Each structure stands twice: as C-alpha cells, then as structure tokens.
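Commentary on secondary and tertiary structure
Next come the chains, spelled out residue by residue.
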Amino acid sequence: MISDTGIDDKNLSAKVKIRIENVFKVFGNKPDKALALSRSGKEKADIYAETGSTIGVNDASLEIREGEIFVIMGLSGSGKSTLLRLLNRLIEPSAGSIEINGTDITKMSNRELIELRRRDMSMVFQSFALLPNRNVINNTAFGLEVAGVDESERHTKALAALKAVGLEAYATSSPDELSGGMKQRVGLARALASEPTILLMDEAFSALDPLIRTEMQDELMRLQAEHSRTIVFVSHDLDEAMRIGDRVCIMQNGRIIQVGTPDEIILKPANEYVRSFFRNVDIAHVFKARNVVRNNQIAVFDRQGVAAPVALGRMQQDDHDVAIILGSGKEYLGMISLESLLEKVNADDADPYRGAFLQSIEPILADEPLSDVMGRIADSRWPAPVVDEQKRYIGSISKSSLLEVLDRAH
C-alpha cells in the first residue's frame, strides 16, 4: 500500500538478512590507487584512464530484508552481476563489509565461507550448466554430493526439490530430453535442494523465450509463496523486475542510484537515468490495486446504535459523500453515502445505516492488477474500497487518486 510519501510498507518490519556497507570492487593492477581516486570522487572513466583499473562496484550500501525478492537492475557494465557475486564472495570485495545474518562474511575463513554457502546460500545462473552424463535427479543432487551428503539423503532432498518445481516425473530423464524451460527448472531445483535461506539468481531466465520466462517467473513467485526465502535477482528485463520484485535496486557505473518498491521508483525516480528506465512502462500492468489506494475516506466501526449518527456527523463535518463501515477487526462491511443515509434517517428507518448500504459496491482485492479494475473505478460514482485476503479494509481508490497516480507516472 502506498503511504502519503509513496512508499510501499510491505516487509518494512522484516529483519535485515543481508547488509552491505561502503563496498567497493576494483578490477585491475592498481586497486589501491583506483580505490583512493574513487573515494575522492573521481568518475569511473577517469579512474580507468589514469590507472587502467575498473571500478566494478563503487561505495555500495544497502539492506535486503528477510523473505523479499530484491531485484538488481542496470545497463550492461553497471555492476549488477558483480554486486551479486560479492554477496557470496565468488568475487572478493576490495573494501567494505558484507553481513549475512549480522556476520561480516569478508572476515570469514575459506572453511567458514564454504560452510555458509552450503548451509544458507545457493545460486542460479543464466546458463543451465547441467552435466550431460547425469540424469535429472543426479544433476539436482550434485551440489549435495560435493558437500558430502550421503546418497540416500541427497536423493531424498533432490526429489523433493524436483517435486517443488514440477519435475518429479522426469527424475530419471537425461538433460537432452528436456526443453530449455525444463532445464532451467532443474537448475532451480539444484539450488533449492540444499534448502537455502538465500537464493542468488543472475539473469536466471534471460536465456528463455518470453512465454517460458513468464512461466518461470510465475514458478518463482509460487515457490516464494509456499516457502519464503530471501531472493536476490539480477535482471536487465524491466517487466520482469516490476513483476517479481518486492524492491528494485537501480545501478549505474558501479553505483547504487536508487532502491525502492516498483511503484516508488516509477512515481519518484531519483534522477533522469532512473526515469529513463521506466518512461514507457504501462503502470496499469505493473501496479496492483494496493499500490494506488488512499486512506482519505471516513471509516466508522460498526457499533449498534452508534454507527449511523457518527457516520452522518463525520460526513457532514468533513464534507465527504461516503463513509466506510468496518467490523471490529477492520473487516470491510460496506459503504454508505450521505445521500442514502439521510434518506433512511428522515424516513425513521429502524436501522438506518444498514439500510443505507450501497448495494452496487463490491470491494477490490488488493492484489488485483490495476489494469483489471480501472474500468470499474472509471464507471463508478463512488470510490472503490480495497481489501486484503482477509477482507480487511486497507483503503480506497477514487477517480481523482487514480488519475493522480497515472499523471505522476508520465
């Protein structure tokens, strides 16, 4: 749900799983000199001209929360894949700290780092990288085999991972019998087999055709709903980032330019570089109803003999045409208008406020795509109430608030 500042409050209370602070990565023969120049404010191109070294990641700091899908985006050479590989030290940082669960992994020994990777982290690459001489289940169990897990246990875990991605029936098939999408599912299953709490995905679906890519995105979100992990996902595909990301990080020349929810970045881009990424985005297909709700309607809790006069008084005092009626648990019960309530009150109705409910109003689920509900909002005289999966009221969308969001996005 967008607050008045435009920031989505989803997962704000989740604990920090990954924290990086002032991280640099320098590639080249003069890392110390390049690092000093970078810290002094020199640009990437100037540093390369002077030292022959390239700044891959430049003073990056961010926090990734437990259970979120965090997408890193940027143009080619922006540092997004380098940043991802720093998180498990496949690439060694030149400076800065990288904390996983509060522990700085830059200070870990090789043995401690290997144990962390085996216990907590898995990685999925763009390349399927399946071993052609092994069947599907043995490909899936390969990482467990390298980790020294006995055959019975690793096959049990591998079969469970294949079942999770819908490939249990293909366990004994060879890789050359699989389609590209199925091979990537095996790659995902291999990463899931070790039951990681962190999943690092580097352009994992970009080699797939658009239809299969969408199916894999759906699969990832389904798996996330069933078993929440912290997922860090590198992508160059804007639609993909908007579709799967809880938050998105935009990088340029090794620097982190902006981090935020998709709606925050679209509505409040940090600069022209970020704005250019999203200039042609159809936000009606990116946003969900929860992204455009406002909490500016009168809400009255349902209490016998109290709701009608309270609702009437507040609507008249605040010059509002409607009021939302809520149960004790904030569940949405209905909407009344000033016109319908006055009509029932003046008619001495025994239960005026219930008789005043607007029968034509049906609440919108928070996760409905905006494109699916825009017509309803445009055709309705009244604001559209929005509820969560438990039918709790989270806000309303009026024609004016919808137009405001559409205008701000262009």
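Per an unreviewed UniProt entry, the protein chain goes by Quaternary amine transport ATP-binding protein and derives from Phyllobacterium myrsinacearum. What UniProt records for the protein chain under Catalytic activity (unreviewed entry) is the sentence "a quaternary ammonium(out) + ATP + H2O = a quaternary ammonium(in) + ADP + phosphate + H(+)". Heading Sequence similarities (unreviewed entry) of the UniProt record for the protein chain holds this comment: "Belongs to the ABC transporter superfamily."

**As for the packing of aromatic side chains**
Counted under the stated rule, the structure contains 2 aromatic pairs. The ring of phenylalanine 27 has lysine 25 sitting right over it, with the charged end atom 5.3 Å from the ring centre. Arginine 39 extends its terminal NZ or CZ atom over the ring of phenylalanine 24, reaching a point 5.1 Å from the ring centre.

**Observations regarding the sheet that holds strand S6 (residues 121-124)**
Reading across the sheet, the 6 strands line up as S6-S7-S8-S3-S9-S10 and stay open at both edges, with mixed pairing between neighbours. The strands lining the two open edges of the sheet, one partner per strand, are S6 and strand S10 (255-260). Averaged over neighbouring strand pairs, the angle between their axes works out to 20 degrees when direction is ignored. Pairing analysis gives 5 bridges linking strand S7 (residues 198-202) to strand S8 (residues 230-234), with the strands arranged parallel. If you follow isoleucine 198 over to S8, its bridge partner there is threonine 230. Of the strands in this sheet, S6 and S7 touch helix H4 (residues 110-120), which is tilted by about 75 degrees from S6.

**Here we look at the packing of helix H8 (residues 180-192) against helix H9 (residues 210-226)**
Close contact between H8 and H9 brings their axes to 10 Å; oriented N to C, the two are set at 25 degrees. With respect to H9, the element H8 is oriented roughly parallel. Seen from above, H8 lies across H9 with right-handed handedness. Contacts between H8 and H9 involve Gly181, Gln184, Arg185, Leu188 and Leu192 on the former and, on the latter, Ile212, Glu215, Met216, Glu219 and Leu223. Residue composition of the contact of H8 with H9, grouped by class: 5 nonpolar, 2 polar and 3 charged.

Thresholds, definitions, all that
- Residues numbered from 1 in each chain as written.
- Predicted model: local features only at pLDDT ≥ 70, side-chain atom pairs only at ≥ 80, totals over all residues.
- Heavy atoms only, no water.
- UniProt positions renumbered as here; feature names shortened; annotations may be inferred.
- Phe/Tyr/Trp six-rings, centres within 6.5 Å; stacked < 30°, edge-to-face > 60°.
- Lys NZ or Arg CZ within 6 Å of the ring centre and 35° of its normal.
- Pairing = 2+ DSSP bridges.
- Helix = DSSP H or I, 4+ residues; strand = E, 2+ residues; numbered from the N terminus.
- Axes fitted to C-alpha atoms, helices over the stretch in contact; angles between N-to-C directions.
- Contact = heavy atoms within 4.5 Å.
- Parallel < 35°, antiparallel > 145°, perpendicular 65-115°, else oblique.
- Left-handed = near helix turned anticlockwise from the far one by under 90°.
- Nonpolar A, V, L, I, M, F, W, Y, C, P; charged D, E, K, R; others polar.

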